[in-house]
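Structure at a glance
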Protein chains: 2
Amino acid sequence: MKVSAACLPCMVHRAYKETCYATQDQALRLKVMMEVARLLAREFKPDAVPAIVGTLRDRLIRELTGNPDPYKAVKEASNRAALGLRPKAEEYINSASSGRERFRRACLCAAVGNAVEFDILGHEFSLERLSELLAKAERDVAIDDVDAFYEAAKKARKILYLTDNAGEVAFDVLLVRELRALGPRVVVAVKARPCINDALMEDALAVGMD
Amino acid sequence: MKVSAACLPCMVHRAYKETCYATQDQALRLKVMMEVARLLAREFKPDAVPAIVGTLRDRLIRELTGNPDPYKAVKEASNRAALGLRPKAEEYINSASSGRERFRRACLCAAVGNAVEFDILGHEFSLERLSELLAKAERDVAIDDVDAFYEAAKKARKILYLTDNAGEVAFDVLLVRELRALGPRVVVAVKARPCINDALMEDALAVGMD
């Protein structure tokens, strides 16, 4: 994926959010944003790759603020919120009438977990809303490879499961459980070091992935 | 007003919005945003004044896109939306029981006109919503100098009225009408040249300021 004009406001917005998480010092925040502007003046060009520029930005923010993990509190809150919602998702999976349907529902739970931004959940996000999202996911899923995934998983000996963010990793637990029930050994990978709100080992353990 | 860290994402967001209004050419949009990043790397510093940096940004976008007035269509749409709502505001003013109350209500209309973003009005913004905002303005007005303004206007011979954006200029007409009814000559100033969505002479004429 290459950059487009729309990447710049998004990159700067994320930089600001991350800087605010990283430090409460207003003068330091301003200094960091000045350096972010300089970084983007150098790196934001037609052949730039957003993920690489984003990594340079995150590294800069961590270095300048001296905070090795700006999203730590956000990740912890996301895990807690996701764990609070998970029983509803388990209930949804457990009420399936066949193994194939269980598997399908676990996939939908993982997909919905990916769509929910647990760190910005307001009071209006309730268990009822999760149920609605699950029903909507069943209706609206655009690319549906679940059956092929189910067949492949049944034949597999070993599966590498790549996690994404904290919070949703709590929902990944449900799909990993179904995958293991089909036979294969499942290896779940998390990031080795902090990278925005990506799940680390501590997040996987916090949501019972082990 | 000096810059703070929060200014950078806002400046870049506005740059992006303005660039999208100015041109549909994706490659040119990217080029403009690259130049915006360079401009901000130079100009975004502790002693910078947001209004000056914003002006440099707007000038850059107009020059690079060759579009002298990126917000032209937005301003026209704002004027139309405001004119559609104005009869409700006039009704509110006309139902006042005294001259002083008429004046007060015209001030509140101008204030509410300033708060409404006419260019992003969705279908949910209705005449009823305007009535609610007017009632809310009467309750919530934080600094209330309307009485002193009324007395000063009654004694004035000449008043210079500075307009802000297109759209809300339609509501300014209502207050200018009340000011003139008190006696003074009222001179209404608009921007001489395009500056984001600020009202120009054409906007003042479109909403019947003359």
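Residues numbered from 1 in each chain as written. Chains lettered and ligands numbered in written order. Predicted model: local features only at pLDDT ≥ 70, side-chain atom pairs only at ≥ 80, totals over all residues. Heavy atoms only, no water.

**Some words on the relation of the copies chain B and chain A**
What counts here: Superposition of the copies used a least-squares fit over C-alpha atoms from residues whose pLDDT is at least 70 in both. Working rule for contacts: check all heavy atoms of both residues, and any pair within 4.5 Å makes them a contact.
It takes a turn of 180° to lay chain B on chain A, together with a shift of 0.0 Å along the axis; the resulting RMSD is 0.1 Å. Here the symmetry operator amounts to a two-fold rotation axis. Here 100% of the contact residues of chain B are again contact residues in chain A; the copies associate through an equivalent surface.

**Some remarks on the nonpolar core**
Filter applied, for reference: Nonpolar cores are built from buried Ala, Val, Leu, Ile, Met, Phe, Trp, Tyr and Cys residues. Side-chain atoms within 4.5 Å join them into one set. For every residue, the accessible area (1.4 Å probe, protein chains only) is compared with the maximum for its type, and the residue is labelled buried under 20%, exposed over 50%, or partly exposed between those bounds. Helical segments are the DSSP runs of H or I of at least four residues, strand segments are the runs of E of at least two, and each set is numbered from the N terminus.
By size, the foremost hydrophobic cluster in this structure holds 44 residues, and its most contacted members are L8(A), L40(A), F44(A), L8(B), L40(B) and F44(B). Elements represented by at least two residues in this core include exactly α1 (7-22), α2 (26-43) and α3 (50-65) of chain A together with α1 (7-22), α2 (26-43) and α3 (50-65) of chain B. Once residues lying within four places of it in the same chain are set aside, the contact partners of L40(B) are A37(A), L8(B), M11(B), V12(B) and V53(B).

**Here we look at the environment of R57(A)**
Residue and element names in this part refer to chain A. Stated precisely, the cut-off is as follows: Within 3.5 Å is the distance limit for a polar contact, defined as a pair of N or O atoms, with the added protein rule that one can donate a hydrogen and the other accept it, and that residues adjacent in sequence qualify only through two side-chain atoms.
Along the chain, the position of R57 falls in helix α3. Given a relative accessible area of 5%, R57 falls into the buried group. When the C-alpha positions of R57 and V36 are compared, they lie 6.6 Å apart, and in sequence the two are 21 residues distant. With near-sequence residues (within four places) excluded, R57 lies in contact with M11, R14, A15, E18 and L39. Reaching out from R57, the side chain makes a polar contact with the side chain of D58 at a distance of 3.0 Å.

**So, the domain arrangement of chain A**
All names here are of chain A. Quick reminder of the rule: Domains are outlined according to an automatic or database domain assignment. Simply put, the buried area is the total loss of 1.4 Å probe accessible area from both parts when two parts are fitted together. Put simply, a salt bridge is a Lys or Arg side-chain nitrogen that is within 4 Å of an Asp or Glu carboxyl oxygen.
Splitting chain A by domain gives domain 1 (7-65) and domain 2 (72-206). Each partner contributes residues to the interface: domain 1 has six residues there, and domain 2 has five residues. Together domain 1 and domain 2 conceal approximately 410 Å² of surface at their shared face, both sides included; 49% is due to carbon and sulfur atoms. Taken together, domain 1 and domain 2 are joined by zero salt bridges. Elements with a minimum of two residues in the side of domain 1 that touches domain 2: α1 and α3.

**Describing the packing of aromatic side chains**
All names here are of chain B. Convention followed: Any pair of Phe, Tyr and Trp rings, taking the six-membered ring for Trp, is counted once the centres come within 6.5 Å. Such a pair is stacked with planes under 30 degrees apart, edge-to-face with planes over 60 apart, and tilted for the rest.
In the structure shown here, the tally under the stated rule is six aromatic pairs over all chains. Where Y21 meets Y71, the ring centres are 5.0 Å apart and the plane angle is 65°; that geometry is what we call edge-to-face. Of the two residues, Y21 is situated in helix α1 and Y71 in the loop between α3 and α4 (72-94); the sequence distance between them amounts to 50 residues. Taking relative accessible area as the criterion, Y21 reaches 31% and is therefore assigned partly exposed.

**Things to note about the pattern of salt bridges**
Across all of its chains, the model carries 30 salt bridges over all chains by this definition. Salt-bridge contacts for E151(B) lead to R100(B); the nearest nitrogen and oxygen are separated by 2.6 Å. Highlighted residues: E151(B) in helix α7 (residues 146-155) and R100(B) in helix α5 (residues 99-115), separated in sequence by 51 residues. A salt bridge links D144(B) to R104(B); its shortest N-O distance comes to 2.6 Å. In this pair, D144(B) is assigned in the loop between α6 (127-140) and α7 and R104(B) in helix α5, connecting sequence segments 40 residues apart. For D144(B), a relative accessible area of 39% gives the class partly exposed. Each member of the salt-bridge network shares a partner with another, and the members are R100(A), D147(A), E151(A) and K154(A).

**A word on the pairing of strand β2 (residues 185-189) of chain B**
Residue and element names in this part refer to chain B. Test applied: Each pair of strands is called paired provided DSSP finds at least two bridges between the two strands. A crossover counts as right-handed when, viewed with the strands pointing away from the observer, the path leading from the first strand over the helix to the second turns clockwise.
Inspection of the sheet shows strand β1 (residues 158-162) paired to β2 by five bridges, in the parallel sense. Residue pairing across strands places K158 opposite R185, the latter belonging to β2. Following the backbone out of β1, through helix α8 (residues 169-181) and into the adjacent parallel β2, one traces a crossover that is right-handed.

**Some details on the interface of chain B and chain A**
The test is simple: Residues are grouped as follows: Ala, Val, Leu, Ile, Met, Phe, Trp, Tyr, Cys and Pro are nonpolar; Asp, Glu, Lys and Arg are charged; all remaining types, including Gly, are polar.
Every contact between the two is made by 20 residues of chain B and, on the other side, 20 residues of chain A. When chain B packs against chain A, the two sides together hide about 1800 Å² of surface, and 84% of this comes from carbon and sulfur. When the buried area of chain B at its contact with chain A is split by residue, A5(B), P9(B) and L30(B) rank highest and sum to 27% of it. One can count zero salt bridges joining chain B with chain A. Remark: the boundary between chain B and chain A carries zero residue pairs in polar contact (both at pLDDT 80 or more). Put simply, the parts of the chain that give the side of chain B that touches chain A at least two residues each are α1 and α2 of chain B. With eight residues, the top contributor of residues to the side of chain B that touches chain A is α2(B). Here the side of chain B that touches chain A is composed, by residue class, of 15 nonpolar, two polar and three charged.

**Re the side chain of N165(A)**
All names here are of chain A. Relative to the helices and strands, N165 resides in the loop between β1 (158-162) and α8 (169-181). With relative accessibility at 17%, the residue N165 sits in the buried group. Among the polar contacts listed, one links the side chain of N165 to the side chain of N197, at a separation of 3.3 Å. The contact partners of N165, leaving out residues within four places of it in the chain, are N197, D198 and A199.

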